[in-house]
Every structure is written in C-alpha cells, then in structure tokens.
Amino acid sequence: MFISEKDKFIFVHVPKTGGTSMHIAFKDYYIVGDRTDPEPEEHHASLVKILNENMSIEGIEEYYTFGFVRNPWDRLVSGFHDFKQQRALLSGIELKDFAINMAKGEGRYHELIRDVHFRPQYTFLDCAEKTIDFVGKFEDMINSFKYVMNELDLPPLTLYKHRPSSHPPYQHLYDDYTIDAVADLYKEDIKTFGYDYE
C-alpha cells in the first residue's frame, strides 16, 4: 500500500498485479528514504484494513482510492513461479498439481491459498465503508496508471519491471481440468472484474 497525505490518495497493492512497479515509482516521486517494504500482510493490506488503521489521518475516508487486478489464471502462474524461483518456497511440485491442490484445499502447499500472495483479489478492494474509486487491470497497466495520475493531477511516472518471474504464457500451462479448478478457486474475482480464461 501507499498513502499520500499530500495528494490525498491510497494505493491498495494487490499482490502479483504489477504493484511493486507503482510502489517504487511513488517512493521515487515522493523521495521516500526508507526503501524497505513492510511485512507482506501490511504491504498488501486491504482497503478495509488501511482505512481502519489510519483513521487518525484527517479526511482519509475521502481520499482517492485505487488498485489493480490481474487475470486469475495468469496471476496464479506468476505467484507460483515467484514462490518457486525468487523465494525458493516451493519445490517438487508442478503448476497443475499446485492449482488442483489449492482448489481442492488438500495436498502439498494447499494452505498457501491463505497466503496474501494467493488470496482472491476482491478481498483487497471490497469495502463496505467506501467504494474504491478506480480498479485498473494489469493487462492495460500503462494506460490505467496514466489515467490514475491524471485523476490525481500528478505528472506521468515511469513504471519499471521489478522481480519478474520467468515462465511461458499462462495459456500454455493449463489443461481443461486445471482451467476449471482455477475458475472455481477465483470465481468471485472472475465475476467481479470480468475475466475469462482467454
């Protein structure tokens, strides 16, 4: 997450949606000296949590709020390879088995569905107290981010890739069974944000 009291906005950083690029761009723009990220649960706090924990900021409930989402099949692939390649937290399991275990809630690593990096995206942006102002899509990140900067009356900021994982396009990695398993696992994201497999 990133909160600007100066320009009165809240960026909700949904994991695996390109948010690190935006977060770093904001740190650069606002000349934030501390470059360390908080723990994942704080760094990727939901809009509800952000508002509840920052009520001491006058008028925060009126701040412009935004976040980004990503195709759930693509996001799961990105998270899987991030955990396998960058974080070295997964071994001895392939994506298809991982997806099935997550969907069934059993087998190796199935408990990672509760990890912030694999949690359904709507849980970060859904807030009874305040409707999020803008939800951009990873698939159109540059244009969506430009739109946000324009809404905030800020100059365009350049986004750079950070910690990309290496893998083929997600469409090459699933079969019919795992396509359906992920569709069931992230059905609320698919419905809320208008995604399909293609």
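Above this text sits the structure in question.
In this text the structure is predicted, and so the values were computed from the model without any measurement.

K.L.:
Describe the overall build of the protein, and please don't skip the residues or the numbers.
P.N.:
A count of helical and extended segments in the protein gives nine helices and four strands. Overall size of the protein, expressed as C-alpha extent along the three principal axes, is 50 × 35 × 30 Å. Evaluated residue by residue, the protein yields a buried proportion of 49% over its 198 residues. Working note: accessible area of the protein is about 10,200 Å², and carbon and sulfur atoms make up 50% of it. When the 22 positive and 34 negative side-chain charges of the protein are each reduced to one mean point, those points stand 4 Å apart.

K.L.:
Describe unusual backbone geometry, and please don't skip the residues or the numbers.
P.N.:
In the Ramachandran plot, lysine 16 falls in the positive-phi region, its phi being about 65° despite a non-glycine side chain. The class for lysine 16 is buried, based on a relative accessible area of 16%. Located in the positive-phi region is aspartate 153, a residue other than glycine, with phi close to 60°. With respect to the helices, strands and loops of the structure, aspartate 153 is situated in the loop between helix H7 (141-151) and helix H8 (176-185).

K.L.:
Describe the pattern of salt bridges, with residues and values.
P.N.:
Per the counting criterion, the structure on display carries 11 salt bridges. Notably, a salt bridge pairs lysine 84 with glutamate 94, separated by 3.8 Å at the nearest N-O pair. Here the residue lysine 84 occupies a position in helix H4 (residues 72-86), and glutamate 94 occupies one in the loop between H4 and helix H5 (95-104), the gap between them amounting to 10 residues. The class for glutamate 94 is exposed, based on a relative accessible area of 52%.

K.L.:
Just give me the short version of the packing of aromatic side chains, but keep the residues and values in it.
P.N.:
The tally for this structure, following the rule as stated, stands at 19 aromatic pairs. Here the aromatic rings of tryptophan 73 and tyrosine 197 are separated by 5.5 Å at their centres, their planes lie at 90°, and the arrangement is edge-to-face. Highlighted residues: tryptophan 73 in helix H4 and tyrosine 197 in the segment after helix H9 (187-193), separated in sequence by 124 residues. Note on accessibility: tryptophan 73 and tyrosine 197 belong to one class, buried. Ring-pair connections join several aromatic residues into one group, and the members of that group are Phe2, Phe9, Phe11, Phe26, Tyr29, Tyr30, Tyr64, Phe66 and Phe145. Cation over ring: arginine 70 sits above phenylalanine 138, and NZ or CZ is 3.9 Å from the ring centre. For the cation-ring pair, lysine 137 lies above tyrosine 195, with the distance from its terminal atom to the ring centre recorded as 4.3 Å.

K.L.:
Give a description of the pairing of strand S2 (residues 9-12) that names residues and reports values.
P.N.:
Here S2 shows two buried faces, one formed by Phe9 and Phe11 and the other by Ile10 and Val12. In this sheet, S2 lies alongside strand S1 (residues 2-4) in antiparallel orientation, the contact comprising three bridges. Note on S2: the bridge partner recorded for phenylalanine 2 is phenylalanine 11.

K.L.:
Before we move on, can you summarise the sheet that holds S2 with the specific residues and values?
P.N.:
Taken in spatial order, the four strands line up as S1-S2-S3-S4 in an open sheet, and their pairing is mixed. The sheet terminates laterally at S1 and strand S4 (134-137), the two strands that pair on one side only. The mean inter-strand angle of the sheet, taken between neighbouring strand axes irrespective of direction, is 15°. The strands that helix H1 (residues 19-29) touches are S1, S2 and strand S3 (64-69); relative to S2, the one it contacts most, it runs at about 150°.

Criteria and cut-off values
- Residues numbered from 1 in each chain as written.
- Predicted model: local features only at pLDDT ≥ 70, side-chain atom pairs only at ≥ 80, totals over all residues.
- Heavy atoms only, no water.
- Helix = DSSP H or I, 4+ residues; strand = E, 2+ residues; numbered from the N terminus.
- Buried < 20%, exposed > 50% of the residue type's maximum accessible area, 1.4 Å probe, protein only.
- Areas by Shrake-Rupley, 256 points an atom, 1.4 Å probe, with all protein chains shown as cover.
- Lys, Arg positive; Asp, Glu negative; His and termini not counted.
- Charge placed at Lys NZ, Arg CZ, Asp CG, Glu CD.
- Salt bridge = Lys/Arg side-chain N within 4 Å of Asp/Glu carboxyl O.
- Phe/Tyr/Trp six-rings, centres within 6.5 Å; stacked < 30°, edge-to-face > 60°.
- Lys NZ or Arg CZ within 6 Å of the ring centre and 35° of its normal.
- Pairing = 2+ DSSP bridges.
- Axes fitted to C-alpha atoms, helices over the stretch in contact; angles between N-to-C directions.
- Contact = heavy atoms within 4.5 Å.

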